[in-house]
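# Remarks on the overall topology
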Amino acid sequence: MTDQDAAAPDTALETALETALAYHLAWTEGDLTKAMTYVADDIVCLAPSGRLDGAEAFRAFMGPFTQMVTRSELLAAFGDETTAVLMYDTDTIPVSGAPGAECLTVVDGRIAHLRIIFDSAPFEAARQARAEPMAADGD
C-alpha cells in the first residue's frame, strides 16, 4: 500500500499551484504522510544531492528534512494548470535562514516532477561542526 492509497488529498485540486501549496503546507507542518498524497508514485526529483526516482526515494530524502524544520515562511508562489514555482525560507534545527525554491510539474493531480534548489553548504558546515567535537573527544 502506498502513501497515496493510505490518505487521499482532501479535495480535487484543479491547478498545479493549488496542489503545490497543499503539498507545501503539509510538509512544512510536519505531515509528510499527507504531503506524499500529492506526490506521484513515479515522481522524478532533481535536488542538489542528485536525481531521485520514485515516491519511496523522495520520501527518504524529504523525511529527515521535514523533521528538522522549526519555521517556514512562504515568500512567493506562482503557477498555472500544470506548473508551479514556490520560494520559501525555513529555519531548521541545525541551520536558520535556509531559503529554498521548488519548480513542480503536476500531472493528473499529483506532483510528477520536482526541482528543488537550496544551498546545501550551511547544512554541510553544521554537520562538520557537530563532527569536530566528536573527533576531538577521540584524541
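Calculation criteria
- Residues numbered from 1 in each chain as written.
- Predicted model: local features only at pLDDT ≥ 70, side-chain atom pairs only at ≥ 80, totals over all residues.
- Heavy atoms only, no water.
- Helix = DSSP H or I, 4+ residues; strand = E, 2+ residues; numbered from the N terminus.
- Contact = heavy atoms within 4.5 Å.
- Areas by Shrake-Rupley, 256 points an atom, 1.4 Å probe, with all protein chains shown as cover.
- Buried < 20%, exposed > 50% of the residue type's maximum accessible area, 1.4 Å probe, protein only.
- Pairing = 2+ DSSP bridges.
- Axes fitted to C-alpha atoms, helices over the stretch in contact; angles between N-to-C directions.
- Phe/Tyr/Trp six-rings, centres within 6.5 Å; stacked < 30°, edge-to-face > 60°.
- pLDDT = per-residue confidence, 0-100.
- Core = buried A, V, L, I, M, F, W, Y, C linked by side-chain atoms within 4.5 Å.

### With respect to the overall build of the chain
Scanning the chain from terminus to terminus reveals five helices and six strands. From first element to last, N terminus to C terminus, the chain shows the α and β order α-α-α-β-β-α-β-β-β-β-α. Partitioning the contacts of the chain with sequence separation of at least 6, the portion at a separation of at least 24 is 52%. Accessible surface for the chain amounts to roughly 7700 Å². Of this, 55% is attributable to carbon and sulfur atoms.

### A short note on unusual backbone geometry
Phi is positive for Asp108, close to 50 degrees, though the residue is something other than glycine. On the accessibility criterion, Asp108 (77% relative accessible area) is exposed.

### Quick look at the environment of Thr15
Tracing the chain through its elements places Thr15 in the loop between helix 1 (3-6) and helix 2 (16-28). Along the primary structure Thr15 and Asp80 are separated by 65 residues, whereas in three dimensions their C-alpha atoms are 6.0 Å apart. Apart from residues lying up to four places away in sequence, Thr15 is in contact with Asp80 and Glu81.

### Remarks on the sheet that holds strand 1 (residues 39-47)
With respect to topology, six strands assemble into an open sheet ordered 2-1-6-5-4-3, the strand pairing being mixed. At either end of the open sheet lies a strand with only one pairing partner, and these are strand 2 (50-53) and strand 3 (69-79). If you compare each strand with its neighbour and ignore which way they point, the axes differ by 20 degrees on average. Where strand 1 meets strand 2, four bridges bridge the pair, whose relative direction is antiparallel.

### Considerations on the packing of aromatic side chains
Going through the model one piece at a time under the given rule, you end up with three aromatic pairs. Seen in terms of ring centroids, Tyr23 and Phe58 are 6.4 Å apart; in terms of plane orientation they differ by 35 degrees. Their pairing is tilted. Taken together, the residues Tyr23 in helix 2 and Phe58 in helix 4 (residues 55-68) connect sequence positions 35 residues apart. Judged by relative accessible area, which is 0%, Tyr23 ranks as buried. The exposure class assigned to Phe58 is buried, which follows from its relative accessible area of 0%.

### With respect to the confidence of the model for the chain
For the chain, the mean per-residue pLDDT works out to 88, and 87% of the residues sit at or above 70. Least confident of the elements in the chain is helix 1, whose mean pLDDT is 47; most confident is strand 1, at 98.

### Re the nonpolar core
In terms of nonpolar packing, the biggest core is built from 32 residues, with Tyr23, Trp27, Phe58, Leu104, Ile111 and Leu114 touching the most fellow members. Sorting the residues of this core by element identifies helix 2, helix 3 (32-36), strand 1, helix 4, strand 4 (83-92), strand 5 (98-107), strand 6 (110-118) and helix 5 (121-137) as the ones contributing at least two each. Element by element, the count of residues in this core is highest for helix 2, at six residues. When sequence neighbours within four positions are dropped, the list of residues in contact with Leu114 reads Tyr23, Ile43, Val44, Cys45, Leu46, Phe58, Glu102, Cys103 and Leu104.

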